[in-house]
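# Fold and geometry: a report
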2 protein chains.
Amino acid sequence: MKKETVSSYLEQYNLSTMFPDRVQQAMQLETYTGGNRLFSQGEKSDTLYLLVEGKLKVSRLSPEGKRLILAFKSPFDFVGDIEYIRKCTLINTVEAVTTTTVIRIPYEALENSMTNNTEWLQFLLETITHKFELKSHAMNFSLLYAVDVRVASYLLAMTPNDTTLDSTSLVDMADLIGTSYRHLNRVLKQFEEQGWILKKRGKITIINRDSMLKQFGNNIYE
Amino acid sequence: MKKETVSSYLEQYNLSTMFPDRVQQAMQLETYTGGNRLFSQGEKSDTLYLLVEGKLKVSRLSPEGKRLILAFKSPFDFVGDIEYIRKCTLINTVEAVTTTTVIRIPYEALENSMTNNTEWLQFLLETITHKFELKSHAMNFSLLYAVDVRVASYLLAMTPNDTTLDSTSLVDMADLIGTSYRHLNRVLKQFEEQGWILKKRGKITIINRDSMLKQFGNNIYE
DNA sequence: ATAATAATGGGACATATGTCCTTTCGGTAT
DNA sequence: ATACCGAAAGGACATATGTCCCATTATTAT
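A quick note: this is a predicted structure, and the numbers were derived from the prediction, not measured.

### Remarks on the nonpolar core
Of all hydrophobic cores here, the largest spans 88 residues; its most connected members are L155 and F191 of chain A together with L155 and F191 of chain B. Setting aside anything within four residues of it in sequence, one finds L155 of chain A in contact with L165, M173, L188, F191, I197, I204, I206 and M212 of chain A. Formed by 53 residues, the second largest nonpolar core is a distinct cluster that contains L48, V52, M114 and I128 of chain A.

### Description of the domain arrangement of chain A
All names here are of chain A. Assigned domains within chain A: domain 1 (6–142) and domain 2 (145–216). Between the C-alpha centres of domain 1 and domain 2 the distance comes to 28 Å. Taken together, the ten residues of domain 1 in the interface contact eleven residues of domain 2. Roughly 910 Å² of surface becomes buried between domain 1 and domain 2 when both sides are summed, with 52% attributable to carbon and sulfur atoms. In this structure, R67 engages D175 in a salt bridge whose closest nitrogen and oxygen atoms are separated by 2.7 Å. Inspection of the domain 1/domain 2 interface yields six residue pairs in polar contact (both at pLDDT 80 or more). By residue class, the composition of the side of domain 1 that touches domain 2 is six nonpolar, one polar and three charged.

### Some remarks on the packing of helix α6 (residues 147–157) of chain B against helix α8 (residues 181–193) of chain B
Residues and elements named next belong to chain B. It is the contact of α6 with α8, at a shortest axis distance of 10 Å, that shows an interaxial angle of 70°. Looking at the two axes, α6 sits roughly perpendicular to α8. You can see that α6 and α8 cross each other, and the crossing is right-handed. Where α6 approaches α8, its residues V147, D148, V151, A152 and L155 are matched on the opposing element by H183, L184, V187, L188 and F191.

### Considerations on the side chain of T118 of chain B
Among the secondary structure elements, T118 of chain B is positioned in helix α5 (residues 118–144). Those residues in contact with T118 of chain B that lie beyond four places of it in its chain are N116, T118 and L121 of chain A.

### Notes on the UniProt feature "domain: HTH crp-type" (unreviewed entry) in chain A
Here, the residues flagged by UniProt with the feature "domain: HTH crp-type" (unreviewed entry) are residues 145–210 of chain A. In residues 145–210 of chain A, helix accounts for 52% and strand for 12%; the two terminal C-alpha atoms are 20 Å from one another.

### Here's the deal with empty space enclosed by the protein
If you roll a probe as big as a water molecule over the atoms, it shows you where there is empty space left. All names here are of chain B. With the rule as written, the count across this model stands at one cavity of 30 Å³ or more. Its boundaries defined by the atoms lining it, the largest cavity holds a volume of some 30 Å³. Lining of the largest cavity is provided by L165, D166, S167, T168, M173, G202, K203 and I204. The residue makeup of the lining of the largest cavity, split by class, is three nonpolar, three polar and two charged.

### Looking at the protein's contact with DNA strand D
What surrounds DNA strand D is a group of 19 residues, the closest being K189 and R201 of chain A together with T179, H183 and R186 of chain B. Near the protein, meaning within 4 Å, the atoms of DNA strand D are sugar or phosphate in a fraction of 52%, with bases accounting for the rest. Backbone polar atom of S180 of chain B to a phosphate oxygen of DNA strand D: 3.0 Å apart, as the coordinates give it. R186 of chain B has a polar side-chain atom sitting 2.4 Å from a base oxygen of DNA strand D. Elements with a contribution of two residues or more to the surface near DNA strand D: α8 (181–193) and β9 (197–200) of chain A together with α8 of chain B.

### Focus: the environment of T129 of chain A
As for its position among the elements, T129 of chain A is in helix α5 (residues 118–144). With a relative accessible area of 0%, T129 of chain A lands in the buried category. Ignoring any residue separated from it by four or fewer positions in sequence, one finds T129 of chain A in contact with I82, I85, R86 and I128 of chain B. At a separation of 3.1 Å, a polar atom in the side chain of T129 of chain A contacts the main-chain carbonyl oxygen of E126 of chain A.

### Overview of the pairing of strand β7 (residues 93–96) of chain B
Regular strands show a simple pattern: their side chains alternate between the two faces of the sheet. Residues and elements named next belong to chain B. Residues of β7 alternate between two faces, with T93 and E95 on one and V94 and A96 on the opposite face, all of them buried. The pairing of strand β2 (residues 37–39) with β7 spans two bridges and is classified as antiparallel. Looking at the pairing, R37 lines up with E95 of β7. In terms of strand pairing, strand β4 (residues 56–61) meets β7 through four bridges, oriented antiparallel. Within β7, the residue paired with S59 across the bridge is T93.

### Section: the relation of the copies chain B and chain A
When chain B is brought onto chain A, the operation consists of a screw motion whose angular component is 180° and whose axial shift is 0.0 Å, with 0.0 Å RMSD remaining. What we have between these two chains is a two-fold relation. Of the interface residues in chain B, 100% have counterparts in chain A that sit at the interface too, so the contact is made through matching surfaces.

### Let's talk about the environment of L143 of chain B
Checked against the element boundaries, L143 of chain B lands in helix α5. Setting aside residues up to four positions removed in sequence, L143 of chain B forms contacts with K66, L68, S142, R150, I177 and G178 of chain A.

### So, the protein's contact with DNA strand C
By nearness alone, 19 residues border DNA strand C, and T179, H183 and R186 of chain A together with K189 and R201 of chain B come closest of all. A share of 49% is what sugar and phosphate atoms reach among the atoms of DNA strand C within 4 Å of the protein. Between DNA strand C and the protein, one listed contact pairs a base oxygen with a side-chain N or O atom of R201 of chain A at 3.5 Å. Between DNA strand C and K189 of chain B, the relevant distance is 2.5 Å, taken from a phosphate oxygen to a side-chain nitrogen or oxygen of the residue. Sorting the residues of the surface near DNA strand C by element identifies α8 of chain A together with α8 and β9 (197–200) of chain B as the ones contributing at least two each. With five residues, α8 of chain B is the largest single contributor of residues to the surface near DNA strand C. Classifying every residue of the surface near DNA strand C gives four nonpolar, six polar and nine charged.

Calculation notes
- Residues numbered from 1 in each chain as written.
- Chains lettered and ligands numbered in written order.
- Predicted model: local features only at pLDDT ≥ 70, side-chain atom pairs only at ≥ 80, totals over all residues.
- Heavy atoms only, no water.
- Core = buried A, V, L, I, M, F, W, Y, C linked by side-chain atoms within 4.5 Å.
- Buried < 20%, exposed > 50% of the residue type's maximum accessible area, 1.4 Å probe, protein only.
- Contact = heavy atoms within 4.5 Å.
- Domains from an automatic or database assignment.
- Buried area = accessible area lost by both parts, 1.4 Å probe.
- Salt bridge = Lys/Arg side-chain N within 4 Å of Asp/Glu carboxyl O.
- Polar contact = N/O pair within 3.5 Å; in protein donor to acceptor, adjacent residues only side chain to side chain.
- Nonpolar A, V, L, I, M, F, W, Y, C, P; charged D, E, K, R; others polar.
- Axes fitted to C-alpha atoms, helices over the stretch in contact; angles between N-to-C directions.
- Helix = DSSP H or I, 4+ residues; strand = E, 2+ residues; numbered from the N terminus.
- Parallel < 35°, antiparallel > 145°, perpendicular 65-115°, else oblique.
- Left-handed = near helix turned anticlockwise from the far one by under 90°.
- UniProt positions renumbered as here; feature names shortened; annotations may be inferred.
- 1 Å grid on protein atoms, 1.4 Å probe; cavity = no way out; pocket = protein on both sides within 12 Å on 5 of 7 lines; lining within 4 Å.
- Points joined across faces, edges and corners; volume = space filled by probe spheres on them.
- Near = heavy atom within 4 Å.
- Pairing = 2+ DSSP bridges.
- Least-squares fit on C-alpha atoms with pLDDT ≥ 70 in both.

Below you can see the structure in the form of C-alpha cells.
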C-alpha cells in the first residue's frame, strides 16, 4: 500500500494551498506507537503538531500528583497551537493511544513565513475558537451535572454509530470525566442494573440507547 | 470632569492605531446601569463589545433552569469575540454588575475593514488564546479540587491588595464556583471557625491570609 | 413608621463521592 | 502448564454535597 507523505495528508485535509513550499519542506511526518509520549507538560515548545492519523491522549498532573485527562484527540486536530500563539511552555502531556501519525511543523518555519498570512491567521482563529467552545461547554457540563450524567453523556457520545466503546481503560475514562475509578465503577454498575449497558472486564456495550437518551437526553455531550 | 470618548478609551488601551477611521466612526459608547442586561444567550449576535469601564457578569442557564456564572469581567476585555469568529448566536447572557461602559463595534464594520488586517487577527489570537488558557485552567481546577479549595482560591484571588471582598452576592458567588448556596455557606462558616475570615451578612473580610495561603497555597486561582 | 421583599443563614435528610484496601480474573512471559 | 502482573471489581468507612424548607435580618417601598 502506498506510503502517505506530508503532501498527501495536506491534500487529504484540504491544506495544500495554505502552506507555501518552504513551510511544507520544513514539515516532517512522524509516527508514534501506542503508549509512547510525544511530549510532557512543562517542556519547551517549538513545534506545532497536526494529528493526521491515530489517537492522542492529552493529560496533566496536579501539584498533588492527581492526573486529569483533558481530551482524547483524533484527526484532524492541532496540538501546540495555543503554545505557539502564547509562546509558552507546553501546558499538557500528550501520548499516543494507538499507532499515531503527526505532521511536525517547527514554530520557526511558521514565524518566518506565516505570521502575516491572513488565511492562516483566520484558519487558526476558526480552530482555536472551536476548541474554546468545546472547552467551555465541557466545563459548564461538568459543573452543572453530576458524575452519572457525565458518564452517560460520554458513553452516548462515544458511540454515535456503534454499540461498543473502543477499548479505553476505565482508569483513563475516570480521569477524563473527572471522578474516581471507584465511583465510575459504581455508576457503570448502576447502568448495567438499569439494563442500559453490558459491562465485562471494562468492555462496554450499550444495549438500550433509547432508554438512556430518554433519561439523559437533554444533556448529551457532543 | 471631561467626558470620555471612544477615542480617549482607545488611546487609554493603546488601540488607536489598530482601527482605521471608518471603523472608529462605527464605534459607539454605551453605558449600562448595574442590574441591566446587555444581551441574553441565544440572541442573534452582531456586535463586538469592548468593556472599558465597570464590571460585567457572564452567565448561562442549563436546560433545567440552573444558572451558572461563567465569569465576572473587568476592563479591558472583549465580549462577543468568539461569536464574531464563529458567526453563531450568543452563547451567554451578559449583565452589568456596576455602572459599566462598553464600546460597541458592529461586526459588519469589522468584516468590511479588518478581515485582512494581520495586526488585528494576531491581536484576536492573543486575546482568545489567553481566554482559552484561563478557561482551561479553571476547568481543570474545578475538576481537581473540592468546593472548599475553590472557595479559598476565589477569596484569595479576589483580594490581591485588600482584605475585603467587593459586594458580590453569595448566590452569585455560589453560581460562579459551581456549588449550591447552602454548601457555600457551610464552607464559609468553616473558614470563619478556622479564624481565616469574618463574614457578616455576606460581607467577607479575610483576617488571616497567611494561614489560608499555607493551607491552600499550591492552588491559588489566578 | 410600617409592611413587604429579598438576601442571609442554617436544620434535616438523603445521596454522591473519595479514599483505602483486598480479591478476582485475564493477559503475558517463561 | 504455570507464575506473574496489571486491570477490573467491589467492601467499608467517612466526608462532601444537594435539596428542601424555614427563620432572621436588612433593605426598599409605601
